[in-house]
Each structure stands twice: as structure tokens, then as C-alpha cells.
Amino acid sequence: MKILVAVKRVVDYNVKIRVKADQTGVDTANVKMSMNPFDEIAVEEAIRIMEAGKAKEIVVVSLGVAQCQETIRYALALGADRGILVQTDDELQPLAVAKLLKFVVERENPDLVILGKQAIDDDSNQTGQMLSALLGWSQATFASKVELGDGEATVTREIDGGLETIRVSLPTVISVDLRLNEPRYAKLPNIMKAKKKPLEVISAADTGVDFAPRLTTLKVTEPPQREAGIRVGNVAQLLDKLRNEAKVI
Ligand code: AMP
């Protein structure tokens, strides 16, 4: 069994986002970038499947600028075997990512593709679903438990108000949710070893895939400033404010 994991380089989740002055997007200059947290969970799951003896190889794929190699190297330090960067400086929207991932899937023939359920920068939650549709494969989104059987996977999904367990046939696309596992940290010796693991760079322009954006961002704005809180004197005042000012009870 071969597993392909998609890892995106995003602004680190601890960074306070700054909107560009011209409101065209988020300022990423001199900002710490890291692997999308959901993708760390995806890599961890792939490693656990391999440690359980159910997979032979983990290939990580990232799409974007040359610096995505750092994200791939981190996944290699965690335990993935090799990496592929589909490189471009152009903006990649989820449909473009899905199409380029399809290109890689057709080259690599994995049995399983694992992605994060969403990237914390665009919050799209689209790529896995689009990839499964483009490939004509089954999909299991928002996974909080994955069990691999013979030619199939049993996946517990986080849905509104509870959990749903489905069985999908392989090959399949799984997108992972927060509670699936707790990712490990990379150990220093493994970070050193990861430098020697294979990392192939493909130019997105050479894939023949049309990855031009289909959406235009009109404007990006900061969320409204929260008003300062106030201290109430007693429960009666609190109830009065909730009832008559906030109108929430
Ligand atoms: P999204 O649909 O943008 O919310 O992203 C969902 C998931 O798709 C992410 O958690 C990643 O696993 C994968 N993904 C999205 N964009 C990229 C990218 N540029 N490179 C690698 N994986 C990506």
C-alpha cells in the first residue's frame, strides 16, 4: 500500500494575521510559515498506518513556491519516505490544487490519498472533495478514525451533532479532522536524516494542467474590533443586559 499525503505551507497558526494595506490579501512578508495543522494530522495518520505494517511507502506532495520544500522536509523528518514539490509562484486555488494533485496521483498510483480537511489560510475545505470527484474515487471527509481493511477503509466522520461511520473502497481520498490523532514532533536526528531523503521538484507549468484561478478576491478586511467588556455588579444586572441589550435570552 502506498499513501500520498498533501501538505500545504501556510502562515503559522500562532501568527496574528495582518491584512495588506490595499486589502488584496494577507501580508505574508517576514511571517513565520508552517505546515497546515490539519496536514500534520494527515502525515501522522499515514505514519501510524505504516508503523502498523499496513503501508510500504509515504509520499508527501506540496504545491506552491520553492519554500514549500521546507514543509516537505518537515514531513520527511516526521517519517515520510519521499517528497514531490509541484512548483509555481502563481496563486493556486483549491480546484487548481485538486487538478495538480490528480496529475501526481496518476503518476504515483497510491492506494490512499490523505489531506487536511481544510487549509487554515483559505479555509476552503474543498480540495479533497474536488480531487475525489476528478479521480472518480470514493471519499471520506472529516475523518476522526481510520481503519484499513482488505481493499477498503472504515472511516468515522465528524458530522453535525455526532459521528458517522462509513466504509469506502480503495483507492480513496480521506480528509482528516482535528480529533483523528495527536501529531508527533520531529526529532533532531530525523531532521538531519530528512535532508538526504529524495525530493523531486516538478514545474507546475510542465504538467499541462490548467491551474489558472477561477475566482477573484474582491476585498480582504480585518474582522470588526471587539468592544471592550464591562463588569456587572450582580446577577440581576447580568440577566438584564443579556435580555435587553444583547437580546440573547
Ligand atoms: P482547502 O481545500 O484549501 O481548505 O485545503 C484542504 C487540504 O488540501 C489541505 O489541508 C491540504 O492537505 C490540501 N492542500 C490545499 N492546498 C494545498 C497545496 N498548495 N499544497 C499541498 N496541499 C494542499
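Residues numbered from 1 in each chain as written. Predicted model: local features only at pLDDT ≥ 70, side-chain atom pairs only at ≥ 80, totals over all residues. Heavy atoms only, no water.

A. Geometry of the overall build of the protein chain. Secondary structure summary: the protein chain contains six helices and 11 strands in total. Seen along its three principal axes, the alpha-carbon backbone of the protein chain occupies a region of about 65 × 45 × 40 Å. Burial status across the protein chain gives 41% buried among its 249 residues. Here the analysis covers contacts within the protein chain between residues at least 6 apart in sequence; of these, 70% occur between residues at least 24 apart. By element, 50% of the accessible surface of the protein chain is carried by carbon and sulfur atoms, the whole surface being about 14,300 Å². Side-chain charges of the protein chain comprise 33 positive and 35 negative groups, with the mean position of each set lying 4 Å from the other. (Helix = DSSP H or I, 4+ residues; strand = E, 2+ residues; numbered from the N terminus. Buried < 20%, exposed > 50% of the residue type's maximum accessible area, 1.4 Å probe, protein only. Contact = heavy atoms within 4.5 Å. Areas by Shrake-Rupley, 256 points an atom, 1.4 Å probe, with all protein chains shown as cover. Lys, Arg positive; Asp, Glu negative; His and termini not counted. Charge placed at Lys NZ, Arg CZ, Asp CG, Glu CD.)

B. Focus on the side chain of Thr127. By secondary structure assignment, the location of Thr127 is in helix H4 (residues 127–135). Once residues within four sequence positions are removed from consideration, Thr127 is found in contact with Pro94, Val97, Ala98, Leu101 and Leu115.

C. Summary view of the site of the ligand. Neighbouring the ligand are 18 residues, the closest being Asp39, Ala119, Asn125, Gln126 and Thr127. Out of a free accessible area of 480 Å², the ligand has 98% covered by protein chains. Spatially, the ligand is embedded in the largest pocket. At the level of secondary structure, the elements contributing two or more residues to the shell around the ligand comprise strand S4 (57–64) and strand S6 (112–116). For the shell around the ligand, the element with the highest residue contribution is S4, accounting for three residues. (Near = heavy atom within 4 Å. 1 Å grid on protein atoms, 1.4 Å probe; cavity = no way out; pocket = protein on both sides within 12 Å on 5 of 7 lines; lining within 4 Å. Sits in = over half its atoms within 2 Å of the grid points.)

D. Representation of the sheet that holds strand S8 (residues 152–159). Spatially, the nine strands line up as an open sheet ordered S9-S8-S7-S10-S6-S1-S4-S5-S11, and their pairing is mixed. Unpaired on one side and paired on the other, strand S9 (162–169) and strand S11 (199–203) mark the two borders of the sheet. Geometrically, the sheet is characterised by an average inter-axis angle of 35° between neighbouring strands, direction not taken into account. Strand direction decides the pairing type here: S6 and strand S10 (residues 172–176), joined by five bridges, are parallel. The partner of Gly116 across the bridge, within S10, is Val176. (Pairing = 2+ DSSP bridges. Axes fitted to C-alpha atoms, helices over the stretch in contact; angles between N-to-C directions.)

E. Looking closely at the packing of helix H3 (residues 94–108) against H4. At a minimum axis distance of 8 Å, the contact between H3 and H4 shows a crossing angle of 50°. With respect to H4, the element H3 is oriented oblique. Classified by chirality, the crossing of H4 by H3 is right-handed. Across from Pro94, Leu95, Val97, Ala98, Lys99, Leu101, Lys102 and Val105 in H3, the residues of H4 making contact are Thr127, Met130, Leu131, Leu134 and Leu135. (Parallel < 35°, antiparallel > 145°, perpendicular 65-115°, else oblique. Left-handed = near helix turned anticlockwise from the far one by under 90°.)

F. Layout of the nonpolar core. Ile3, Val5, Val43, Val60, Ile114 and Ile174 are the most contacted members of the largest nonpolar core, which totals 37 residues. Listing elements by their share of this core, those giving two or more residues are strand S1 (2–6), helix H1 (37–51), S4, helix H2 (68–78), S6, strand S7 (138–148), S8 and S10. The leading source of residues in this core is H1, at seven residues. If you look at the next biggest cluster of nonpolar residues, it comprises 25 residues, including Leu92, Leu101, Val104 and Leu135. (Core = buried A, V, L, I, M, F, W, Y, C linked by side-chain atoms within 4.5 Å.)

G. A look at the pairing of S6. Across the five residues of S6, five count as buried, placing the element largely inside the fold. The alternating pattern of S6 places Leu112, Ile114 and Gly116 and Val113 and Leu115 on opposite faces, both of which are buried. Here three bridges tie S1 to S6, and the two strands are oriented parallel to one another. Each bridged residue has a counterpart across the sheet, and for Ile3 the counterpart in S6 is Leu112.

H. Expanded view of empty space enclosed by the protein. In the structure shown here, the tally under the stated rule is one cavity of 30 Å³ or more. Its boundaries defined by the atoms lining it, the largest cavity holds a volume of some 40 Å³. If you trace the largest cavity, you find it lined by Gln93, Leu95, Ala96, Lys99, Ala212 and Arg214. Per-class residue counts for the lining of the largest cavity are three nonpolar, one polar and two charged. (Points joined across faces, edges and corners; volume = space filled by probe spheres on them. Nonpolar A, V, L, I, M, F, W, Y, C, P; charged D, E, K, R; others polar.)

I. Quick look at H3. Between the first and last C-alpha of H3 there are 20 Å, a value that for 15 residues agrees with the 21 Å anticipated at 1.5 Å per step. Buried within H3 are the following residues: Pro94, Ala96, Val97, Ala98, Leu100, Leu101, Val104, Val105 and Glu108. Asn109, located one to two residues past H3, shows a positive phi value of around 50°. (Expected span 1.5 Å × (residues − 1).)

J. Representation of a nonpolar patch on the surface. A cluster of nonpolar side chains, namely Val235, Leu239, Val248 and Ile249, defines an oily patch on the protein surface of about 380 Å² accessible area. The residue Val248 is located in the segment after helix H6 (235–244) in this model. (Patch = residues over 30% accessible without salt bridge, like charges linked within 9 Å, V, L, I, M, F, W, Y side chains within 5 Å. Salt bridge = Lys/Arg side-chain N within 4 Å of Asp/Glu carboxyl O.)

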